[in-house]
Amino acid sequence: MGLGVRWTLHGDGKTPAPGAVVRPDERLSWPRTFGLGAQHVVAMFGASFVAPVLMGLDPNLAIMMSGVATAIFLLATKGRVPSYLGCSLSFVGVAATIRATGGSSATVTGAVLVVGAVLFLAGLMVQRFGARIIHAAMPPVVTGAVVMLIGFNLAPVTASTYWPQDQWTALLVMLFTGLAVVCLRGFFSRIAIFLGLVFGYVLSWVLDLLFGKIHSPAGGAEAVDHWRLDLSAVADADWIGLPSFHAPSFEWSAILVALPVVIALIAENAGHVKAVGEMTGDSLDDKLGTAIAADGAASMLSTAVGGPPNTTYSENIGVMAATRVYSTAAYWAAACFALLFGLCPKFGAVVAAIPGGVLGGITVILYGMIGLLGAQIWLNAKVDLRNPLNLVPAAAGIIIGVGGVSLKITDNFELSGIALGTLVVITGYHALRAFAPAHLKTQEPLLDSGTSQYDEKQYAEKQHDEKPPAGTS
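Residues numbered from 1 in each chain as written. Predicted model: local features only at pLDDT ≥ 70, side-chain atom pairs only at ≥ 80, totals over all residues. Heavy atoms only, no water.

As annotated in an unreviewed UniProt entry, the chain carries the name Uracil-xanthine permease and comes from Streptomyces pratensis. Recorded in UniProt for the chain, the comment headed Sequence similarities (unreviewed entry) runs: "Belongs to the nucleobase:cation symporter-2 (NCS2) (TC 2.A.40) family." UniProt, in its Subcellular location (unreviewed entry) section for the chain, records the words "Membrane". (UniProt positions renumbered as here; feature names shortened; annotations may be inferred.)

**Q** I'd like to hear about the pattern of salt bridges, residue by residue, with values.
**A** A side chain with one charge may pair with a side chain of the opposite charge, provided their charged atoms come close. Applying the stated criterion to the full structure yields three salt bridges. Of the charged contacts, one joins D208 and R228 as a salt bridge, the two residues approaching to 3.1 Å between their closest N and O atoms. Placement of D208 in helix α10 (residues 192-211) and of R228 in the loop between β5 (223-226) and α11 (232-236) is noted, with a sequence separation of 20 residues between them. With respect to burial, D208 and R228 carry one shared label: buried. We note a salt bridge from D384 to R386, for which the minimum N-O separation is 2.9 Å. Counted as one network, the salt bridges with shared partners bring together D166, D208 and R228. (Salt bridge = Lys/Arg side-chain N within 4 Å of Asp/Glu carboxyl O. Helix = DSSP H or I, 4+ residues; strand = E, 2+ residues; numbered from the N terminus. Buried < 20%, exposed > 50% of the residue type's maximum accessible area, 1.4 Å probe, protein only.)

**Q** Quick rundown of the environment of Y201? Include the residues and the values.
**A** Relative to the helices and strands, Y201 is located in helix α10. If near-sequence neighbours (up to four positions away) are discounted, Y201 is found in contact with L229, L231, V350, A353, I354, P355 and V358. (Contact = heavy atoms within 4.5 Å.)

**Q** Explain helix α16 (residues 328-342) to me, and be specific about the residues and the numbers.
**A** Compared with an ideal rise of 1.5 Å per residue, which puts 15 residues at 21 Å, α16 spans 21 Å between its outermost C-alpha atoms and is within 8% of the ideal. Where α16 begins, the side chain of S327 points an oxygen toward the backbone nitrogen of A329, at a separation of 3.1 Å. (Expected span 1.5 Å × (residues − 1). Polar contact = N/O pair within 3.5 Å; in protein donor to acceptor, adjacent residues only side chain to side chain.)

**Q** Outline the nonpolar core, listing residues and values.
**A** In this structure, M55, L197, I266, L288, I354, Y367 and W378 are the most contacted members of the largest nonpolar core, which totals 96 residues. The leading source of residues in this core is helix α13 (residues 261-280), at nine residues. Counting five residues, the second largest nonpolar core, distinct from the first, contains V22, L28, L36 and V325. (Core = buried A, V, L, I, M, F, W, Y, C linked by side-chain atoms within 4.5 Å.)

**Q** How would you explain the packing of aromatic side chains if you had to name every residue and give the values?
**A** One pass over the structure, following the stated rule, counts four aromatic pairs. Consider the rings of W7 and W30, whose centres lie 6.0 Å apart with planes at 85°: the pair is edge-to-face. Of this pair, W7 sits in the segment before β1 (8-9) while W30 sits in helix α1 (residues 30-55), placing them 23 residues apart in sequence. On the basis of relative accessibility, which here comes to 18%, the residue W7 falls in the buried class. For W30, a relative accessible area of 37% translates into the label partly exposed. Here the aromatic rings of F176 and F199 are separated by 4.2 Å at their centres, their planes lie at 5°, and the arrangement is stacked. Taken together, the positions of F176 in helix α8 (residues 167-183) and F199 in helix α10 put the pair 23 residues apart, joining distant regions of the chain. According to the relative accessible area criterion, F199 is partly exposed, its value standing at 29%. One aromatic cluster in this structure is built from W7, W30, F34 and F337. (Phe/Tyr/Trp six-rings, centres within 6.5 Å; stacked < 30°, edge-to-face > 60°.)

**Q** Break down the packing of α10 against helix α18 (residues 356-381) for me, citing the residues and quoting the values.
**A** Packing of α10 against α18 leaves a shortest axis separation of 9 Å and a crossing angle of 155°. When the axes of α10 and α18 are compared, the pair comes out roughly antiparallel. The element α10 and its partner α18 pack so that their crossing is right-handed. Contacts between α10 and α18 involve I193, G196, L197, G200, Y201 and S204 on the former and, on the latter, V358, L359, I362 and L366. Classifying every residue of the contact of α10 with α18 gives seven nonpolar, three polar and no charged. (Axes fitted to C-alpha atoms, helices over the stretch in contact; angles between N-to-C directions. Parallel < 35°, antiparallel > 145°, perpendicular 65-115°, else oblique. Left-handed = near helix turned anticlockwise from the far one by under 90°. Nonpolar A, V, L, I, M, F, W, Y, C, P; charged D, E, K, R; others polar.)

**Q** Mind laying out the packing of helix α2 (residues 59-76) against helix α17 (residues 345-352), listing which residues take part and the relevant values?
**A** Relative orientation of the contacting elements α2 and α17 amounts to 120°, with a least axis distance of 8 Å. Relative to α17, the element α2 lies oblique. Contacts between α2 and α17 involve P59, N60 and I63 on the former and, on the latter, P345, F347, G348, A349 and V351. Classifying every residue of the contact of α2 with α17 gives six nonpolar, two polar and no charged.

**Q** Give me the environment of G357: which residues, what numbers.
**A** Along the chain, G357 falls in helix α18. Spatially, the C-alpha atom of G357 lies 8.4 Å from that of V173, the residues being 184 residues apart in sequence. Once residues within four sequence positions are removed from consideration, G357 is found in contact with Y162, Q165, D166, T169 and A170.

**Q** Tell me about unusual backbone geometry, and please be specific about residues and values.
**A** Residues other than glycine seldom take positive phi values, yet K78 does so here, at roughly 55°. Within the element layout of this structure, K78 appears in the loop between α2 and β3 (85-87). Taking relative accessible area as the criterion, K78 reaches 42% and is therefore assigned partly exposed. Phi is positive for K382, which is not a glycine, with a value near 55°. Within the secondary structure layout, K382 lies in the loop between α18 and α19 (388-403).

This is the structure in structure tokens:
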């Protein structure tokens, strides 16, 4: 397939036969392909422009660089892994922590650039030594705990920054978004966060018309009178223009806060590649290292010019599942659309005008969902939290990460929150495992040759063999 930029026409290029699958190296007619590309853009849109807003970065640049990142990923994987790379929500807590200690946007992007470099090296290692090294260093109990503490560490951001700006709007947006996530079906359920933002945007405009200005904090600690929805910057913005670029700066304290997110990104990529492989019927384990490295390289490029990091998007897996069209041509179309959006400053001004109360309602659900993905990792891997070898490091690390516990090393250096919690989970698990009695180490399921699933049959047989005879305790 070369670089994966040549496709054969599927059937007549119009409507696939019932039950037929359009494979990655196939395409429909170009008008239909661009239509599917637009659908992929809509699917990734909500999270991909909410994330840079929450990180304090330029949403125009984020959308544009997501298109560049997607192109890099498709070229690196030679068109075998259909995927869109959008702005990663895993870094929102990192950005908030760095800014809380006086860090600037350059400090945030510098720290994240280093994470991208580490992710790139991790991908090369997986490519060289195989996918099993991921589980050896980061078994599911560790990965789940780190993802959980990253998500729940964000709770104070919602409680102290966004929610107080307009508590009633936040409450209504939270309720609407929750209903959208649960009650909508198919494609619309995939863009529930986006629909929640649109609802909140319109609600804030209506409340301004009915009740005038609100007296609350607006981007600062003191309460002032302000409009819920301020569109003054939209009128002044140009229709066409380049987004704002800036160079990164590097500070060790910020880098140490950001590094733990590498674990979440590796887990995201592994799960994504596995899911796409199962959907297309094409084993992609040999492309896992390449996918991780490509994600790292794309994030390095994005953050080098002031944009956010990127990761594979599960929202777009939903689009593929609904349409059964896995053509990478559609993702190239989506990348082109994203580049065009990034060159429209007026669009960025509209995004930047999202009211704080709306973000409060969205983030209550969004941050919680990020944290609970860690629990989902435990459930999928059947992690036994009755085993103290799993329970102790996970419990300690999560409380440290969520509570913001700090450990002062010197007058100018300390570990806290996400960084310290992750360190405790990883080192604690491996250290305890080294000294744990044998019976605590044999309760984990057997791994198959993949990266994110277990051999259920072997696990069931192993559990049956270890079950004590009837009448014993």
